[in-house]
Amino acid sequence: MTRAIDLQGKVALVTGGSRGIGLAICECLAAAGADVAFTYHPNEIDASLACGKIEACGSRSLALAADVSSSEIAAATFSTIEAELGNIDILVCNAGIIRDSVIWKASKSEWDDVLSVNLTGAFNYLNQLAIQARATPKPRSVVLISSINGIRGKFAQTAYSASKAGLIGLGRSAAKDLGKWGTRVNIVAPGMVLTDLTDSLPKDIIQKAKDETLDNRLTKVSDVANAVLFLSSDLSEHITGVVLPVDGGQLL
């Protein structure tokens, strides 16, 4: 017996949803029927393009410029989405930045920047959903976008790897905190993903990542989006607190 994924009537929030992995997730959720709100960095100008792609799926969209490291903005974002689209059923914490540096050259400001966006940002939005979950218990899904480098570590990515490892602890602990109110929390850990950023990397770094996989290709944004779709749907209703690598075996 097969079951189609149907998110009709659901409202999703994706942080960092205007491009790359986040945009692919927005499109994937919208294609399954969800109305999708997303945050984007105030300096970005491609939010209207993302809205157009969501609405082309027949879903409502809502773009919100936000600094995810601000708990006050997170609270205001939730209030706006509830007023415009309704109660949030799906939260995907995807917003993130990278400041690559070996640890002896890394600055405190770089560390603070990465942790405040990647980890504190996810906490801010998960915290808001937790408040909502306690007030109105019902099935909800949270997916945190981590990285295989949060599991294995990575040369010159001390802050990034630490933040992504932190997401795993945050997600698993939140799963225990919120399970009794119907909220599941899972973590997706991609390998190196084909985005605009990887296009600018040296070819030897890209080839090394490919060599680590078992299918000789980098992860596509659609690979990550499909994993998020599954974890956001009823097909995964008995799955919570897991870390799902999406990496073609790169972590192995």
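Everything that follows concerns the structure shown earlier in this document.
Remember, predicted model here, so these are calculated numbers, not experimental data.

Observations concerning the overall build of the chain
Counting its secondary structure elements, the chain contains nine helices and seven strands. Against the 2.2 N^0.38 benchmark of 18 Å for 252 residues, the chain shows a C-alpha radius of gyration of 17 Å, consistent with a compact globule. Expressed as a percentage of the 252 residues in the chain, the buried residues total 50%. Within the chain, contacts between residues at least 6 apart in sequence are counted, and of these 74% link residues at least 24 apart. For the chain, the accessible area works out to roughly 11,900 Å², and carbon and sulfur atoms hold 54% of it. A distance of 5 Å separates the average location of the 23 positive side-chain charges in the chain from that of its 26 negative side-chain charges.

Looking at the sheet that holds strand E2 (residues 35-40)
Pairing is parallel in the open sheet, where seven strands are placed in the order E3-E2-E1-E4-E5-E6-E7. Both edges of this open sheet fall to strand E3 (61-65) and strand E7 (243-246), since each of them pairs with a single strand only. Pairs of neighbouring strands in the sheet enclose a mean axial angle of 20°, with direction left out of account. Of the pairings in the sheet, the one linking strand E1 (residues 11-15) to strand E4 (residues 90-93) comprises four bridges and is parallel in character. The partner of Leu-13 across the bridge, within E4, is Leu-91. In the packing of helix H2 (residues 47-55) onto the sheet, the strands contacted are E2 and E3, and the crossing angle to E2 comes to about 165°.

What about the packing of helix H1 (residues 20-31) against H2?
At a minimum axis separation of 8 Å, H1 and H2 run at an interaxial angle of 25°. By the angle between their directions, the pair H1 and H2 is classed as roughly parallel. The element H1 and its partner H2 pack so that their crossing is right-handed. Here Leu-23, Cys-26, Glu-27 and Ala-30 of H1 come into contact with H2, specifically with Ala-50, Lys-53 and Ile-54. When its residues are assigned to classes, the contact of H1 with H2 shows five nonpolar, no polar and two charged.

Some thoughts on the side chain of Asn-124
Examined against the element boundaries, Asn-124 turns out to sit in helix H4 (residues 108-135). Here the side chain of Asn-124 touches Ser-69 through a polar contact of 3.2 Å, landing on its backbone oxygen. In contact with Asn-124, other than residues within four places in its own chain, are Val-68, Ser-69, Ser-70, Ser-71 and Ala-74.

Some remarks on the environment of Ser-222
The residue Ser-222 is located in helix H9 (residues 221-232) in this model. On the basis of relative accessible area, Ser-222 is assigned to the partly exposed category, the value being 33%. In the structure, Ser-222 is positioned 29 residues away from Val-193 in sequence and 9.8 Å away in space, judged by C-alpha atoms.

Section: a nonpolar patch on the surface
A surface patch of nonpolar side chains, amounting to about 460 Å² of accessible area, comprises Ile-103, Trp-104 and Phe-155. Checked against the element boundaries, Ile-103 lands in the loop between E4 and H4.

Some points on the nonpolar core
Grouped together as the largest cluster of nonpolar side chains are 33 residues, with contacts concentrated most on Ile-25, Leu-29, Val-36, Phe-38 and Val-188. For this core, the secondary-structure elements that each account for two or more residues are E1, H1, E2, H2, E4, strand E5 (140-145) and H9. When residues in this core are grouped by element, the largest group, eight residues, is from H1. Counting 31 residues, the second-largest nonpolar core is a separate cluster that includes Leu-62, Leu-64, Leu-91 and Leu-129.

Conventions used here
- Residues numbered from 1 in each chain as written.
- Predicted model: local features only at pLDDT ≥ 70, side-chain atom pairs only at ≥ 80, totals over all residues.
- Heavy atoms only, no water.
- Helix = DSSP H or I, 4+ residues; strand = E, 2+ residues; numbered from the N terminus.
- Rg over C-alpha atoms; globule rule 2.2 N^0.38 Å.
- Buried < 20%, exposed > 50% of the residue type's maximum accessible area, 1.4 Å probe, protein only.
- Contact = heavy atoms within 4.5 Å.
- Areas by Shrake-Rupley, 256 points an atom, 1.4 Å probe, with all protein chains shown as cover.
- Lys, Arg positive; Asp, Glu negative; His and termini not counted.
- Charge placed at Lys NZ, Arg CZ, Asp CG, Glu CD.
- Pairing = 2+ DSSP bridges.
- Axes fitted to C-alpha atoms, helices over the stretch in contact; angles between N-to-C directions.
- Parallel < 35°, antiparallel > 145°, perpendicular 65-115°, else oblique.
- Left-handed = near helix turned anticlockwise from the far one by under 90°.
- Nonpolar A, V, L, I, M, F, W, Y, C, P; charged D, E, K, R; others polar.
- Polar contact = N/O pair within 3.5 Å; in protein donor to acceptor, adjacent residues only side chain to side chain.
- Patch = residues over 30% accessible without salt bridge, like charges linked within 9 Å, V, L, I, M, F, W, Y side chains within 5 Å.
- Salt bridge = Lys/Arg side-chain N within 4 Å of Asp/Glu carboxyl O.
- Core = buried A, V, L, I, M, F, W, Y, C linked by side-chain atoms within 4.5 Å.

It is worth stressing that arrangement in space is one thing and function is another; only the former is reported here.
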